[in-house]
Amino acid sequence: VTMSNAAVASSAPSGKEEDEDTQQHAWEETGEHSWESAVREDAEGNIILSDRASAADAIRRRRKRLELTDYAQRRRRVVRDMIRYLYVVVDASRTMRGKDPVLPPGTKLECTLSLLQDFVQEYYDQNPLSHLGIVLVRNGEAEILTQLSSNAKSHKVALQSLSQLVLSEGPAKGGEFSLQNGLEVAGRSLGHQPRYGSREIVVISAALSTCDPGDILSDTLPRLQAAGVRVSAFSLAAELYILHKIAEETGGVVGVCLDKPHFRDWLLTGQSVPPPCLQQHDFGCEMIKMGFPTRVSGEVPTLVHATRDTKVLARTAYSCPQCQAKMSDLPTDCAVCGLKLVLAPHLARSFHHLFPVPAFSEIPIEKSLTSGSGTETAEHQVISSSGPGMDKVELDSMLVTSSAEFDRCCFGCLKVIGTFMDPPTGSKMVEATQGEELLRFQCPQCKNVFCADCDAFLHESLHNCPGCLTIQSTTQRLVH
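Predicted model, so just to flag it, every value in this text is computed and none were measured.

Draft legend 1. Summary view of the pattern of salt bridges. For the structure on display, the rule yields 12 salt bridges. The partner of Glu176 in a salt bridge is Arg94, and the shortest N-O contact between them spans 2.7 Å. Taken together, the positions of Glu176 in the loop between α7 (152–169) and α8 (179–190) and Arg94 in the loop between β3 (84–91) and α6 (108–126) put the pair 82 residues apart, joining distant regions of the chain. Looking at Arg94, the relative accessible area reads 41%, which means it is partly exposed.

Structure (structure tokens):
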């Protein structure tokens, strides 16, 4: 016992060394950096200099990135696969163990694993019928961290255990990154998946080189193209030509990290939505057998299939309509007969991507869509705007139910938009030019106006326009 205690005491760092390890750099102590706001882009993509980028400019840049990556935002006809088989290849090499000023506060790998936790939840929310797997690449080798499955809990547990392992290993571990081994391991697993689903690989890497056993372009790339695998890549450092070439040849997308919000948008927004089918894809229909299980419960716990290999004791389960086997969660594949078990809401959420909400157009500040704001009363607020051509507008206590009544009110949340509120008497007016509250977006079909928050919520989460649904329900009542 004495020897082991001495060994632990000798290996433990001193107080001075511990303070040096926990001491932050100057660029880590502050959350704002001058290089993030010094250079930005205008609406045409030209680089301009500015002291500080406004919230409105950030929203416009985000909408522009979505239009470039999503065909539905460009109002084109889109054909998507409802079922996806996706592998995320994570670089866990030595280059990912270092810190980056644009990805605070930990290392690049810690930031990646943290965002992957959110991506797993978002992926299954947007694709309830799809499967997800994770491949880890370090020391020149690739290993499957989690197999392809529809169980989000197993992926989150694996990512949490990996985060703890990375913290215990330190920055000197990890070795080299091997892109070919990662693609080969993921590609071989995807080759056994059904043809009616899309086969995809997303590579997240910070390495500036790859240590491979062979030639990727002549050996691995033809096999990926023959299997119909789409490869997308995101670089946390500089863009690699080999990643760009493979993504271009397989129909994927490429991104280079600008900051943490950009990384989050690219991963959660860009990769959670099913991509359009490849041009060489066969657009023929194929029938898929599915079952709608019944929920059963009992007073005595029984063995229930959590996965294909593990069982747990539970009082509530879902009974397969074909073999009567009990499963713990839905959606999933039956562990006995292999039947895909789903519920009606899962199918409804998958259909949202086939009929996306059209992109809303931004309304200029000085443009007015209505002539009045309702009946004047004693209780009202005066709203003023510093925009050109804007007059003072009075809001009464009348409830606004449509943008046709007042175009400065969001149809979704009834928030006042497109103007500034006059401050109370005796207070100082806050300088907020080009703020988020000035943005207005109009639906091209129902012509209702929405704020920036509702615009993002309708396109990314709800997948329906409330104004269009109101018109449809009114029409149906008039017909009947």
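Draft legend 2. Seen up close, the nonpolar core. In terms of nonpolar packing, the biggest core is built from 33 residues, with Leu116, Phe119, Leu132, Leu236, Phe263 and Leu267 touching the most fellow members. Listed by contribution, the elements that provide at least two residues to this core are β3, α6, β4 (131–138), α7, β6 (198–205) and α11 (260–270). Here this core gets nine residues from one element, more than from any other, and that element is α6. Leave out the neighbours within four places in its chain, and Phe119 touches Leu86, Val88, Leu132, Leu267, Leu268, Gln271 and Ser272.

Draft legend 3. Summary view of the packing of aromatic side chains. The final tally for this structure, using the stated rule, is six aromatic pairs. On the numbers, 5.4 Å between centres and 80° between planes, the contact of Tyr123 with Tyr124 is edge-to-face. Summarising the burial analysis for this pair, Tyr123 and Tyr124 share the class buried. Judged by centre distance (5.3 Å) and plane angle (20°), the ring pair of Phe360 and Phe450 falls under stacked.

Draft legend 4. Examining the confidence of the model for the protein more closely. Taken as a whole, the protein shows an average pLDDT of 78; of its residues, 71% reach a score of 70 or greater. When mean pLDDT is compared element by element in the protein, β3 scores highest at 96, while helix α1 (residues 2–11) scores lowest at 37. For residues 371–389, every residue scores under 50 in pLDDT, and the model assigns this stretch 47 contacts once sequence neighbours within four places are set aside. Counted against residues more than four places away or in other chains, residues 424–434, with its pLDDT under 50, gives 11 contacts.

Reading guide: rules and limits
- Residues numbered from 1 in each chain as written.
- Predicted model: local features only at pLDDT ≥ 70, side-chain atom pairs only at ≥ 80, totals over all residues.
- Heavy atoms only, no water.
- Salt bridge = Lys/Arg side-chain N within 4 Å of Asp/Glu carboxyl O.
- Helix = DSSP H or I, 4+ residues; strand = E, 2+ residues; numbered from the N terminus.
- Buried < 20%, exposed > 50% of the residue type's maximum accessible area, 1.4 Å probe, protein only.
- Core = buried A, V, L, I, M, F, W, Y, C linked by side-chain atoms within 4.5 Å.
- Contact = heavy atoms within 4.5 Å.
- Phe/Tyr/Trp six-rings, centres within 6.5 Å; stacked < 30°, edge-to-face > 60°.
- pLDDT = per-residue confidence, 0-100.

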